[in-house]
Amino acid sequence: MTSTLAQSGGATVGSPWLNIAIFGLFVVVTLVVVFRVGRSNSTASDYYAAGRSLTAAQNGTAISGDYLSAASFLGIAGAIAVYGYDGFLYSIGFLVAWLVALLLVAELLRNTGRYTMGDVLAFRMRQRPVRAAAATSTLVVSFFYLLAQMAGAGGLVALLIGVTGKAQQALVIAVVGVLMIVYVLVGGMKGTTYVQIIKAVLLIAGAAVMTIWVLGLTGFNLSTLLGDAVANSPKNGEAILGPGLQYKNKVDLISLGLALVLGTAGLPHILMRFYTVPSAREARKSVVWSIWLIGIFYLFTLVLGYGAAWLVGPAVISDPNTPGGTNSAAPLLAYELGGPFLLGLISAVAFATILAVVAGLTITASASFAHDVYANIVKKGQATSRDEVRVARITAVVIGIVAIGGGILANGQNIAFLVALAFAVAASANLPTILYSLYWKRFNTTGALFSIYGGLAICIVLIVFSPAVSGKPPNAAGRSASMLQGVDFHWFPLDNPGLVSIPASFLLGVIGTYVGSREKHNAEKYAEMEVRSLTGAGSEKAVEH
Amino acid sequence: MSTTGDRQTETVYQEVQRSAAFADLRSRLRRFVFPMSAAFLLWYLAYVLLASYAPGFMATRLGGSNITVGLVIGLLQFVTTFIITMVYVRYADRRLDPPATALREEIEARRAEQAR
C-alpha cells in the first residue's frame with residue numbers, strides 16, 4: 001500500500017498545484033462572502049456579536065468550526081493511527097467538556113454579558129481590576145491557541161505543497177496571518193462566522209466521505225477494521241486496541257483529562273460565540289447543534305485514525321522523513337483512498353481549518369482588549385461604540401502581526417501540546433472564576449482576582465518547569481521530546497499542570513473571597529446579575545437590520 | 001450583611017430575587033444541573049482512571065472480535081453525552097423556559113412602568 005508514496009519521491013505526495021488551487025478556491029469564496037456580509041459592521045454589537053442575529057443552527061455550526069482545530073482533526077487522527085486507543089482519549093475529553101458549557105455556562109453567560117468574558121466576571125465586582133484580569137487571561141489563552149494554529153500551518157504546508165525550507169514556511173505563515181487579519185477587519189464577527197460555517201461543513205463532509213469509504217472497504221465491520229489496523233502495525237500490534245502506548249505516566253493522563261474536560265467552557269473564543277444569538281434559548285440550541293456535530297466528527301476520526309493505521313501504516317506516518325509527521329495521517333489516508341484529488345481537498349480543508357480558527361481567536365482577543373481594556377478601563381465606559389470598534393480593528397492587526405511572528409518562532413513545536421496548554425490555562429484561570437461569579441453569592445472582587453491571576457500564574461510556572469519544556473531524555477537520534485534541547489531545569493513531574501493548577505485555582509477563589517470579606521457586598525448588582533442570568537430580563541437584544 | 005438604605009429603595013431585580021417564583025426557578029435549575037454535572041464528571045473521571053490504572057481490563061476483547069472493553073466504554077461516553085444533552089433540552093424547554101419567560105415579562109413590564 002505504501003508503494004505509491006515511495007513513487008512520489010517522499011518529499012510530497014499528490015500534486016502541490018492541485019492542493020494550492022483547491023485552497024485558493026476556498027480563500028476566494030470565503031473572501032467574497034466576507035466582503036458581502038462585512039458592510040454592516042459599524043456598531044460594536046455588529047462587529048463583536050454579528051448583531052446577535054444568528055440562528056442556533058448557524059451558530060452551532062460555527063462553534064464546531066471554531067472548535068475543531070487542526071489539532072483535533074490532524075492531531076487526533078494521527079495519534080490514533082500511531083498510538084491507537086490513546087488518541088481516542090483526547091476526543092472523549094474534548095466532547096464531554098461540552099456538557100459543562102451546556103449545563104453550567106452558556107445560557108447564563110448569554111443573559112448576563114454583552115461581548116466578552118470580562119462582562120460577566122466584572123458584572124457585580126469592581127470593574128477595572130476584574131476586567132483587567134479577565135482581559136489578561138483572555139489574551140494569554142488566545143495567544144497560546146493562536147501559536148498552536150500558526151505553528152501547525154508551517155508543518156502542514158511542508159506536507160501539502162512541498163515547502164520544507166524554514167524561510168518559505170515562514171512566508172506561508174505570514175500569508176495565513178494576513179488572510180486572517182483581512183477576514184476579521186472586513187467581516188467582523190459575521191464574516192468570521194461564515195468562514196467558520198463553510199469550513200465546518202467542508203471538514204465534516206470530507207471526514208464523513210472518508211469514513212464511509214474506509215468502512216466500506218471493510219464491509220462496514222469495525223472489528224475487521226481494527227484487525228486490519230493491528231495487522232499493519234508490526235511495532236505495537238494488538239497494543240493499539242488498548243490504552244497505554246502514548247501516555248506512559250498515569251498521573252499525567254489524569255491531569256490532561258481534567259484540563260480537557262474543564263477547559264472548553266473557559267475558552268474565551270468559544271464563550272464569545274454565545275453572544276451572537278438573540279437569546280439564551282438559542283444559545284442552548286447552539287450548543288446542542290455543536291455537541292452533535294463535534295461528537296459525530298470525533299467518531300469519524302476514530303475510523304480515520306485506525307483506517308490510516310491500516311492503509312498507510314504507522315511506520316510511514318511516524319517516519320521522521322515523512323513531512324508533517326503524525327499530522328500527516330489523515331492527508332495520507334485521503335491520498336490512499338482517492339488519489340491526488342481527495343488529498344488536495346482534505347489538505348485544503350485542513351488549511352481552511354487553521355484559517356477559520358485563527359480568525360475566531362483574533363476577533364476574541366481584539367474584542368477583549370477594545371471592550372474590557374480600552375472602553376471600560378481606559379475610557380471608564382465612556383467610549384462610543386464606533387471608537388471601540390476602531391480600537392478593536394487596530395488591535396486585530398497588532399495581534400495578527402504578533403501571531404505571525406510567534407508562529408514563525410514556534411514553527412515545528414508540537415501542536416497538541418500547545419493546545420493542551422491553552423486548555424489548561426482556560427480551565428485554571430477562567431472556569432473557576434466564571435462558575436463562582438454565576439453561582440456563588442459571596443464571591444467578590446478579591447476572590448475573582450485570586451482565582452484568575454493565581455490560576456494563571458500557577459499554570460504557567462508549572463508548565464515552564466515541566467518536562468514538556470525541558471529535561472526529557474534524548475532519543476536515539478539525540479533529540480529530546482522537550483521543547484528545549486540540551487538543558488534540564490524541570491522539577492514538576494507532569495507535562496500538563498491541570499491536576500494541580502485547576503484545584504488550586506478553585507481553592508484560591510475561596511481564599512480570596514474570605515480575604516476580601518470586608519468588601520462591601522453589592523446586593524443590588526448581585527440581584528440584577530442573578531435574576532438576569534436566569535430569566536433573561538434586561539439581556540442584550542438582537543439588532544434589527 | 002446588607003448595606004444601609006437598600007430597604008427603602010429596593011430595585012425590581014431585588015424584589016424578584018426575593019420572590020417565591022424566582023426561588024422556585026433557581027432551585028429547578030440547580031436541582032438539575034448540579035447533580036447532572038457531578039454525575040457526568042464522575043463517569044468521565046472513572047473512564048480516565050480505568051484507562052490509566054486498568055489498561056489490561058480496557059484491552060480485553062469482547063467475544064471473538066477486535067472490539068475492546070475500552071472502546072465500548074469510550075463509545076458509551078459519547079452515548080451518555082448525547083443522552084444528557086437531549087434530557088437537559090427537554091427539561092429546560094418544559095420546566096425552565098415557561099417560568100423564566102413569565103418572570104422576564106413581569107420584570108420588563110415593571111421596569112417600563114418605572115421608566116415612565
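Bear in mind the structure is a predicted one, so any value in this text is a computation, not a measurement.

K.L.:
Would you mind showing me how to read the overall build of chain B here?
P.N.:
Secondary structure assignment for chain B yields 4 helices and 0 strands. Starting at the N terminus, the α and β elements of chain B follow one another as α-α-α-α. Its C-alpha radius of gyration of 24 Å places chain B more than 25% over the 13 Å reference for a compact globule of 116 residues. Element-wise, carbon and sulfur atoms account for 62% of the exposed surface of chain B, whose accessible area totals about 6300 Å². Each charge sign in chain B was given a centre, from 14 positive and 10 negative side chains, and these centres are 9 Å apart.

K.L.:
Is there a simple way to think about the interface of chain B and chain A in this case?
P.N.:
The extent of an interface is frequently quoted as the accessible surface area lost upon association of the parts. In this assembly, 56 residues from chain B lie in contact with 57 residues from chain A. Buried surface at the junction of chain B and chain A, both sides included, amounts to about 5200 Å², of which 73% is carbon and sulfur. A per-residue breakdown of the area chain B buries against chain A is headed by Y13, Y44 and F78 of chain B, which together make up 14% of the total. In this assembly, chain B and chain A are joined by 7 salt bridges. Where chain B touches chain A, the interface holds 17 residue pairs in polar contact (both at pLDDT 80 or more). Elements represented by at least two residues in the side of chain B that touches chain A include exactly α1 (12-18), α2 (20-53), α3 (55-58) and α4 (69-115) of chain B. For the side of chain B that touches chain A, the residue count by class is 34 nonpolar, 14 polar and 8 charged.

K.L.:
Sorry, what's going on with the packing of helix α13 (residues 280-311) of chain A against α4 of chain B here?
P.N.:
What describes two packed helices is the angle between their axes and the distance between those same axes. The geometry of α13 of chain A relative to α4 of chain B is characterised by a closest axis approach of 11 Å and an angle of 165° between their N-to-C directions. Here α4 of chain B runs roughly antiparallel to α13 of chain A, going by the angle between their axes. Relative to α4 of chain B, the crossing made by α13 of chain A is left-handed. Touching R281, R284, V288, I291, W292, G295, I296, Y298, L299 and L302 of chain A of α13 of chain A are L71, L75, F78, T81, F82, T85, M86, Y88, V89, A92, D93 and D97 of chain B, all from α4 of chain B. Residue composition of the contact of α13 of chain A with α4 of chain B, grouped by class: 15 nonpolar, 3 polar and 4 charged.

K.L.:
Sorry if this is basic, but what is going on with the pattern of salt bridges here?
P.N.:
In a structure, side chains of opposite charge can pair up when their charged atoms sit close to one another. Per the counting criterion, the structure on display carries 21 salt bridges over all chains. Of the charged contacts, one joins R281 of chain A and D97 of chain B as a salt bridge, the two residues approaching to 2.9 Å between their closest N and O atoms. A residue pair is termed interchain when its members come from two chains, as with R281 of chain A in helix α13 and D97 of chain B in helix α4. On the basis of relative accessible area, R281 of chain A is assigned to the partly exposed category, the value being 36%. Where E108 of chain B meets K541 of chain A, a salt bridge forms, and the shortest distance between an N and an O atom there is 3.4 Å.

K.L.:
Sorry if this is basic, but what is going on with the UniProt feature "transmembrane region" (unreviewed entry) in chain B here?
P.N.:
All names here are of chain B. Per the UniProt entry, the sites bearing "transmembrane region" (unreviewed entry) are residues 32-55 and 67-89 in this numbering. For residues 32-55, the end-to-end C-alpha separation is 34 Å, with 96% helix and 0% strand making up the annotated structure. Overall, residues 67-89 shows 91% helix and 0% strand. The separation of its end C-alpha atoms is 32 Å.

K.L.:
Help me understand the nonpolar core, please; the structure alone is not making it clear to me.
P.N.:
All names here are of chain A. One finds Y67, W98, F274, Y298 and Y306 to be the most contacted residues of the largest nonpolar core, which totals 221 residues. No other element matches helix α15 (residues 329-378), which puts 26 residues into this core. When near neighbours in sequence (up to four residues on either side) are disregarded, Y67 contacts S72, F94, A97, W98, Y145, T264, L267, I270, I294, Y298 and F423.

K.L.:
Before we go on, may I ask you to explain unusual backbone geometry in this structure?
P.N.:
Leaving glycine aside, a negative phi is the common case for residues, and trans is the common case for peptide bonds. Residues and elements named next belong to chain A. Phi angles above zero are rare outside glycine, and R52 is one such case at about 55°. Relative to the helices and strands, R52 resides in the loop between α3 (44-49) and α4 (56-67). The backbone phi angle of K380 is positive, close to 50°, even though this residue is not glycine. If you trace the backbone, K380 turns up in the loop between α15 and α16 (385-410).

K.L.:
Whenever I open this one, helix α20 (residues 523-535) of chain A confuses me. Can you help?
P.N.:
Helical periodicity: at 3.6 residues per turn, an α-helix aligns residues three or four positions apart in one direction. Residues and elements named next belong to chain A. A rise of 1.5 Å per residue sets the reference length of α20, with its 13 residues, at 18 Å; its end C-alpha atoms lie 18 Å apart and thus fit the reference within 8%. In terms of burial, α20 is a largely internal element, 11 of the 13 residues being buried. Of all the residues in α20, the buried ones are A523, Y526, A527, E528, M529, E530, V531, R532, S533, L534 and T535. G536, located one to two residues past α20, shows a positive phi value of around 85°.

K.L.:
Looking at this model, I keep getting lost on the confidence of the model for chain B. Mind explaining?
P.N.:
For any part of a model where pLDDT is low, the fine detail of the predicted coordinates should not be relied upon. Of all residues in chain B, 93% attain a pLDDT of 70 or more, and the chain-wide mean is 91. Reported confidence for the predicted complex is 0.92 by ipTM and 0.93 by pTM.

K.L.:
It is not clear to me how the packing of aromatic side chains should be interpreted in this structure. Could you clarify?
P.N.:
Given two aromatic rings, their pairing is described by the distance between the two centres and the angle made by the two planes. All names here are of chain A. Evaluated as defined, the whole model comprises 26 aromatic pairs over all chains. Ring centres of W440 and F443 lie 6.0 Å apart, and the angle between their planes is 25°; on these two criteria the pair is classed as stacked. Taking relative accessible area as the criterion, W440 reaches 21% and is therefore assigned partly exposed. Within the aromatic cluster, the residues linked to one another by ring pairs are Y67, F73, Y90, F94, W98, Y145, Y247, F297, Y298 and F423. The ring of F123 has K525 lying over it, and the distance from NZ or CZ to the ring centre is 4.7 Å.

K.L.:
When you look at helix α11 (residues 250-263) of chain A in this model, what are you seeing that I'm missing?
P.N.:
Residues and elements named next belong to chain A. A rise of 1.5 Å per residue sets the reference length of α11, with its 14 residues, at 20 Å; its end C-alpha atoms lie 20 Å apart and thus fit the reference within 8%. Every buried residue of α11 is listed here: D252, L253, I254, S255, L256, G257, L258, A259, L260, V261, L262 and G263. The N-capping residue of α11, defined by a side-chain oxygen 3.0 Å from the backbone nitrogen of V251, is N249.

K.L.:
Is there a simple way to explain the packing of helix α5 (residues 70-83) of chain A against α15 of chain A in this structure?
P.N.:
Residues and elements named next belong to chain A. Where α5 meets α15, the axes come as close as 9 Å, and the angle between the chain directions of the two elements is 145°. Between α5, through A70, F73, L74, A77, G78 and A81, and α15, the contact on the second element is made entirely by A329, A330, P331, I346, A350, T353 and I354. Its residues placed into classes, the contact of α5 with α15 shows 11 nonpolar, 2 polar and no charged.

Thresholds, definitions, all that
- Residues numbered from 1 in each chain as written.
- Chains lettered and ligands numbered in written order.
- Predicted model: local features only at pLDDT ≥ 70, side-chain atom pairs only at ≥ 80, totals over all residues.
- Heavy atoms only, no water.
- Helix = DSSP H or I, 4+ residues; strand = E, 2+ residues; numbered from the N terminus.
- Rg over C-alpha atoms; globule rule 2.2 N^0.38 Å.
- Areas by Shrake-Rupley, 256 points an atom, 1.4 Å probe, with all protein chains shown as cover.
- Lys, Arg positive; Asp, Glu negative; His and termini not counted.
- Charge placed at Lys NZ, Arg CZ, Asp CG, Glu CD.
- Contact = heavy atoms within 4.5 Å.
- Buried area = accessible area lost by both parts, 1.4 Å probe.
- Salt bridge = Lys/Arg side-chain N within 4 Å of Asp/Glu carboxyl O.
- Polar contact = N/O pair within 3.5 Å; in protein donor to acceptor, adjacent residues only side chain to side chain.
- Nonpolar A, V, L, I, M, F, W, Y, C, P; charged D, E, K, R; others polar.
- Axes fitted to C-alpha atoms, helices over the stretch in contact; angles between N-to-C directions.
- Parallel < 35°, antiparallel > 145°, perpendicular 65-115°, else oblique.
- Left-handed = near helix turned anticlockwise from the far one by under 90°.
- Buried < 20%, exposed > 50% of the residue type's maximum accessible area, 1.4 Å probe, protein only.
- UniProt positions renumbered as here; feature names shortened; annotations may be inferred.
- Core = buried A, V, L, I, M, F, W, Y, C linked by side-chain atoms within 4.5 Å.
- Expected span 1.5 Å × (residues − 1).
- pLDDT = per-residue confidence, 0-100.
- Phe/Tyr/Trp six-rings, centres within 6.5 Å; stacked < 30°, edge-to-face > 60°.
- Lys NZ or Arg CZ within 6 Å of the ring centre and 35° of its normal.

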